[in-house]
Amino acid sequence: MWYYDGCNHSKSKLEQKFETYDKEDGTSDVRDEKVYQCSNKDCQGKEFFPLSRFKIPIRVQDSTGTVTLTLFDHEALKFVGKTAKELIEIQDELLTTNELPREYPVESETLVNLKCAFVIKVTNFNIVNGVENYGISVVTTDVDILDELNKKWKIDQLDVSDSFCMSQSEFQYAGGE
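Residues numbered from 1 in each chain as written. Predicted model: local features only at pLDDT ≥ 70, side-chain atom pairs only at ≥ 80, totals over all residues. Heavy atoms only, no water.

Chemist: Tell me about the overall build of the protein, and name the residues and values.
Modeler: Regarding its fold elements, the protein presents five helices and nine strands. Listed N to C, the secondary structure of the protein is β-β-β-β-β-β-β-α-α-β-α-β-α-α in terms of helices and strands. Looking at the protein as a whole, 28% of its 177 residues qualify as buried. Restricting to contacts in the protein with at least 6 residues of sequence separation, those with at least 24 account for 56%. By element, 48% of the accessible surface of the protein is carried by carbon and sulfur atoms, the whole surface being about 12400 Å². (Helix = DSSP H or I, 4+ residues; strand = E, 2+ residues; numbered from the N terminus. Buried < 20%, exposed > 50% of the residue type's maximum accessible area, 1.4 Å probe, protein only. Contact = heavy atoms within 4.5 Å. Areas by Shrake-Rupley, 256 points an atom, 1.4 Å probe, with all protein chains shown as cover.)

Below you can see the structure in the form of structure tokens.
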């Protein structure tokens, strides 16, 4: 899935809860209103509502290997040009025409074969659970930054066994966003 229902306070995932009630005839039914629960404990007691947010899994490859990254709202919007909500509405319109929506909106094709530099976020969750799917903190397609990175680490000349690393401060100093 390329999006999720996020909390308007914390951006954490909201889970839809279904409340049942007993009818006068003794049967049970589900209430029509949608009720959400935020997975972030800091949001308990607050009124929240769902906002559709990007959560696009992408496979990134260079001469050192391949990794799965997750492109979230702010960074995804730069490339896709529309909000997750707008793309969901487009997908929903396709259903009214009996046309089957694609797994990913056509707008996401701007990400295919795109040359970028990333600063990724490796969390304790990744380390403890061995999860090799990382969130992206910063991404850029700035040609000057890409050239500088290529010169600094000779990326085009790296052997498959080589690897490289750049801190977020180095990346920002080099002109990253």
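Chemist: Could you give an account of the nonpolar core, naming the residues involved and the relevant values?
Modeler: Formed by 18 residues in total, the largest nonpolar core has its most connected members in Trp2, Phe54, Ile56, Ile58 and Leu71. Among the secondary structure elements, those contributing two or more residues to this core are strand 6 (50-62), strand 7 (65-72), helix 1 (73-80), helix 2 (84-96) and strand 9 (133-140). Here this core gets four residues from one element, more than from any other, and that element is strand 6. The contact partners of isoleucine 58, leaving out residues within four places of it in the chain, are Val67, Thr68, Leu69, Leu111, Phe118 and Ile136. (Core = buried A, V, L, I, M, F, W, Y, C linked by side-chain atoms within 4.5 Å.)

Chemist: Mind laying out the layout of surface pockets, listing which residues take part and the relevant values?
Modeler: Size it by volume and the second largest pocket reaches roughly 390 Å³. Tyr4, Lys11, Phe54, Phe72 and Asp73 are the residues nearest the centre of the second largest pocket, which is lined by 13 residues in total. Counting only elements with at least two residues in the lining of the second largest pocket, the list comes to strand 6, helix 1 and strand 9. Class assignment of the residues belonging to the lining of the second largest pocket gives a composition of four nonpolar, three polar and six charged. (1 Å grid on protein atoms, 1.4 Å probe; cavity = no way out; pocket = protein on both sides within 12 Å on 5 of 7 lines; lining within 4 Å. Points joined across faces, edges and corners; volume = space filled by probe spheres on them. Nonpolar A, V, L, I, M, F, W, Y, C, P; charged D, E, K, R; others polar.)

Chemist: If you had to explain empty space enclosed by the protein to someone new, which residues and values would you point to?
Modeler: Across all of its chains, the model carries one cavity of 30 Å³ or more by this definition. Residue lining of the largest cavity: Trp2, Phe54, Ile56, Val80, Leu87, Tyr104, Pro105 and Ser108, and that is the complete set.

Chemist: Report on the packing of aromatic side chains, specifying residues and quantitative values.
Modeler: Tallying each qualifying case throughout the model produces two aromatic pairs. Both rings, one in tryptophan 2 and one in phenylalanine 54, keep their centres 6.2 Å apart while their planes meet at 40°; by these two values the pair is tilted. Residue tryptophan 2 is found in the segment before strand 1 (3-7), and its partner phenylalanine 54 is found in strand 6; the two are separated by 52 residues along the sequence. Across the pair, exposure class does not vary: tryptophan 2 and phenylalanine 54 are buried alike. Joined through ring pairs, the aromatic side chains of Trp2, Tyr3 and Phe54 make up one cluster. (Phe/Tyr/Trp six-rings, centres within 6.5 Å; stacked < 30°, edge-to-face > 60°.)

Chemist: Break down the pairing of strand 9 for me, citing the residues and quoting the values.
Modeler: By the criterion of burial, strand 9 is predominantly enclosed, with six of the eight residues buried. Pairing geometry for strand 7 and strand 9, over three bridges, is parallel. Among the inter-strand pairings, threonine 68 is bridged to a residue of strand 9, identified as asparagine 133. Relative to strand 9, strand 8 (residues 117-121) is paired through five bridges, and the arrangement is antiparallel. Opposite alanine 117, over in strand 9, you have threonine 140 as the bridge partner. (Pairing = 2+ DSSP bridges.)

Chemist: Any chance you could break down the environment of serine 12 for me, citing the residues and the numbers?
Modeler: Its place among the elements puts serine 12 in the loop between strand 1 and strand 2 (14-17). Once residues within four sequence positions are removed from consideration, serine 12 is found in contact with Tyr4, Asp5, Gly6, Cys7, Cys38, Ser39 and Asn40.

Chemist: So what's going on with the pattern of salt bridges? Residues and values would help.
Modeler: Under the definition given, this model contains six salt bridges. A salt bridge links arginine 53 to aspartate 73; the shortest N-O distance between them is 3.6 Å. Here the residue arginine 53 occupies a position in strand 6, and aspartate 73 occupies one in helix 1, the gap between them amounting to 20 residues. The buried category is assigned to arginine 53, whose relative accessible area is 9%. (Salt bridge = Lys/Arg side-chain N within 4 Å of Asp/Glu carboxyl O.)

Chemist: Let's hear about helix 1: which residues, and what values?
Modeler: Within the sequence span of helix 1, burial applies to Glu75, Ala76, Phe79 and Val80. Axial view of helix 1: buried residues confined to an arc of 125°, hence all on one face. Packing partners of the buried residues in helix 1 comprise strand 6, strand 7, helix 2 and strand 9. Downstream of helix 1 by a residue or two, glycine 81 has a phi angle that is positive, lying close to 80°. (Arc of directions from axis to C-beta.)

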